[in-house]
Amino acid sequence: MSTHTAVRHFFRGMGMPEHTPDHGRSRRLRHRLPVRAWHWINLWCMIVLLLSGLQIFNAHPALYWGSASHFDAPWLEMYAMRGADGSVHGVTALGPWQFTTTGVLGYSGESVRGFPAWVTLPSYQFLSMGRVWHFFFAWLFAISGALFALYALWTGHFRRNFWLSGRDWRGLGRDIINHLKLRFHAHSGKYNSLQKLSYLSVVFVALPLMIVTGLCMSPTINAAAPWLLDLFGGRQSARSIHFITAFSLVLFAVVHVAMVLLSHPLRQLRGMITGRVPRRSSSSEPESPS
Amino acid sequence: MSRRPPSDISLTRRTLTRRTLTRRTLLQRSLLGAAALGLAGCDRLSENDAVISLLGSAETLNLKAQRLLAGRESLAVEYPASMISPVFRPNGTVDPQTALYRNLAANDFADWRLTVGGLVNTPLALSLDTLRSMPARTQITRHDCVEGWSAIGQWSGPVLGDILEQAGVRPSARYVVFHCMDQLDGEHNYYESIDMVAAFHPQTLLAHSLNGEPLPVGNGAPLRLRVERQLGYKMAKYLKGITLVAHFDDIQGGKGGYWEDRGYTWYAGI
């Protein structure tokens, strides 16, 4: 497909219904423009926010519960230790457990640092620049998220495509078994129950939680809305929840990409870029929007 | 994209598989290469002035949005005494080595004066005894370091706004600059600046006590600033003077603070 056609296809589909077979054409509309735009903006926001977030985390690679930091009792901590033979080890302490994580966590690239250079932005220790990246992309993420929320409310995007019907709930067990067997045969291009649940929890739980716990780390926002701080059990708890939720979003992204790779990756990718996928040539071909 | 060129049709399934694998390897290698390039590229972007200035525009948004949400008067959370941190972690300079500081400290700061000058009607020079005898505010607040950790302490001292009113701030003054006696890099004195909203906030103190005791050296003796709705680096320690200014372009690096001159945002509300 030429770039020109790809661009033309990308901008097509404003206001057309989703998942409706378009009999006049050889391709079906899978994702509308706002969905596709939000998807790719989110991808970039999440990459930058994650990498710059790990840079910020590295300035003090320890997490606590409560309002203040009890320095002798973090629930997660990364540090370096010199062994008896003089060599330096990276250590990750999770609660009472300690793991040697040399080269990845605690000590990597011959320097003492939480996360390694290849997952932080900038790669070297540079907290102020990490913060500058983080806040710019946090605004981008929040604004595009708010615009998409308005669009989704207006069109009933989530109610129509993601709300679980009684049948979905009853089929949940079967879906889990199918996923465990790595069988992703979805029905008629609609989302299955597990997909619906995971997308709903990302959009309505994880993403808002990232924004709110992020704001909770701001002393000015704490003054504006002290009740938010109480909701999460204090600033250090909010910081921990921010980290845990980010981690769960990484897990989601890994599973999401794996699912795409396991179910016609090029077709899926084309669907999310142009909005359209080729019509199925035979009924035996599995199809599942990821 | 996914359509193979017509010449491939004649290939056997075996060759096709091998070909796909080669493509996959190629794809993997190019992805790894792209990741490495991406990292190097991001580092270069992080050093590009135009990129820094574009990304830095978020600071203005942070300031305006937060001022809108928090207003002028909303108070930082105050905690019960039971939540005071057992040790209030000192950070940055913890034991100033400048001759000025050593000499003043040797005499228990008896000769130390806090000067208030610049765009004021009545310049002041306040001794530690004078500051201690002034009406004080005591507050138990949380200190948030830009690094991510927090500590809770009880601070006492005169409200900055009272001292500024005593000096009489001229209408042309827009910022309050705090000059310090310590040098983190052994060359430049620490300094900070805040605007009038932060300066006249009811919880903005010149603290001479921590947890009921005279301020320890590690936490900024004899006097430090508390700006409770911002991060720790705004709260200058080892104060020697305050000046009211219309702009801070001509002070040291011109960005309004020691860390600001080294890349940190001037507005530290988040």
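A quick note: this is a predicted structure, and the numbers were derived from the prediction, not measured.

Caption draft 1: Region of the structure containing the UniProt feature "domain: Oxidoreductase molybdopterin-binding" (unreviewed entry) in chain B. Within this structure's numbering, the places UniProt gives as "domain: Oxidoreductase molybdopterin-binding" (unreviewed entry) are residues 108-246 of chain B. Annotated as 13% helix and 42% strand, the span residues 108-246 of chain B places its first and last C-alpha atoms 34 Å apart.

Caption draft 2: Structural view of the UniProt feature "transmembrane region" (unreviewed entry) in chain A. Residue and element names in this part refer to chain A. On the UniProt side, "transmembrane region" (unreviewed entry) is annotated at positions that read residues 37-57, 132-154, 197-221 and 241-262 here. What you have in residues 37-57 is 100% helix and 0% strand, and the ends, taken at the C-alpha atoms, are 29 Å apart. Helix and strand shares over residues 132-154 are 100% and 0% respectively, and the end C-alpha atoms of the span are 33 Å apart.

Caption draft 3: Spatial organisation of the confidence of the model for chain B. All names here are of chain B. Overall, the predicted model of chain B reaches an average pLDDT of 91, with 91% of residues at or above 70. pLDDT under 50 marks residues 1-19. Its contacts with residues more than four places away, or in other chains, come to four contacts. The ipTM, which scores confidence in the relative placement of chains, is 0.86 for this predicted complex, and the corresponding pTM is 0.86.

Caption draft 4: Quick look at the nonpolar core. Core analysis: the largest hydrophobic core is formed by 74 residues, its most contacted members being B:Leu206 and B:Leu239. Beyond its immediate sequence surroundings of up to four residues, B:Leu206 is in contact with B:Leu131, B:Gly157, B:Pro158, B:Leu160, B:Ile163, B:Leu223, B:Leu225 and B:Leu239. Formed by six residues, the second largest nonpolar core is a distinct cluster that contains A:Cys216, A:Met217, A:Ile221 and A:Leu229.

Caption draft 5: Focus on the interface of chain B and chain A. Taken together, the contacts link 40 residues of chain B with 34 residues of chain A. Breaking the side of chain B that touches chain A down by element, the ones donating at least two residues are helix H1 (13-45), helix H2 (49-56), helix H3 (58-70), strand S3 (137-144) and strand S4 (150-157) of chain B. When residues in the side of chain B that touches chain A are grouped by element, the largest group, six residues, is from H3(B). Looking at the side of chain B that touches chain A, its residues break down into 21 nonpolar, twelve polar and seven charged.

Caption draft 6: Representation of the confidence of the model for chain A in the model. Within chain A, residue pLDDT values average 86, and 84% of them lie at 70 or more. Within the model, pLDDT remains below 50 along residues 11-25 of chain A, and this stretch shows 20 contacts once partners closer than five positions in the same chain are excluded.

Caption draft 7: Representation of the sheet that holds strand S8 (residues 209-210) of chain B. Residues and elements named next belong to chain B. The antiparallel open sheet is built from four strands, whose spatial order is S3-S4-S8-S9. Looking at the sheet topology across the chains shown, the edges are occupied by S3 and strand S9 (213-214). Bridge count between S8 and S9: two bridges; the pairing is antiparallel. Considered in S9, the bridge of Leu210 is made with Glu213.

Caption draft 8: Seen up close, the packing of helix H2 (residues 33-58) of chain A against helix H10 (residues 235-262) of chain A. Residues and elements named next belong to chain A. Relative orientation of the contacting elements H2 and H10 amounts to 140°, with a least axis distance of 11 Å. Relative to H10, the element H2 is oriented oblique. The two elements H2 and H10 cross, and the hand of that crossing is left-handed. Of the residues in H10, those touching H2 at Met46, Leu50, Gly53 and Phe57 are Phe243, Ala246, Leu249, Val250 and Ala253. The class makeup of the residues in the contact of H2 with H10 is eight nonpolar, one polar and no charged.

Caption draft 9: Representation of H10(A) within the structure. Residues and elements named next belong to chain A. Across its 28 residues, H10 extends 40 Å between first and last C-alpha, which sits within 8% of the 40 Å expected from 1.5 Å per residue. Within the sequence span of H10, burial applies to Arg235, Gln236, Ala238, Arg239, Ser240, His242, Ala246 and Met259. Where H10 ends, the next residue or the one after it, His264, has phi of about 55°, a positive value.

Parameters and conventions
- Residues numbered from 1 in each chain as written.
- Chains lettered and ligands numbered in written order.
- Predicted model: local features only at pLDDT ≥ 70, side-chain atom pairs only at ≥ 80, totals over all residues.
- UniProt positions renumbered as here; feature names shortened; annotations may be inferred.
- Helix = DSSP H or I, 4+ residues; strand = E, 2+ residues; numbered from the N terminus.
- pLDDT = per-residue confidence, 0-100.
- Contact = placed C-beta atoms within 7 Å.
- Core = buried A, V, L, I, M, F, W, Y, C linked by C-beta atoms within 7 Å.
- Buried ≥ 20, exposed ≤ 12 C-beta atoms within 10 Å, placed from the backbone.
- Nonpolar A, V, L, I, M, F, W, Y, C, P; charged D, E, K, R; others polar.
- Pairing = 2+ DSSP bridges.
- Axes fitted to C-alpha atoms, helices over the stretch in contact; angles between N-to-C directions.
- Parallel < 35°, antiparallel > 145°, perpendicular 65-115°, else oblique.
- Left-handed = near helix turned anticlockwise from the far one by under 90°.
- Expected span 1.5 Å × (residues − 1).

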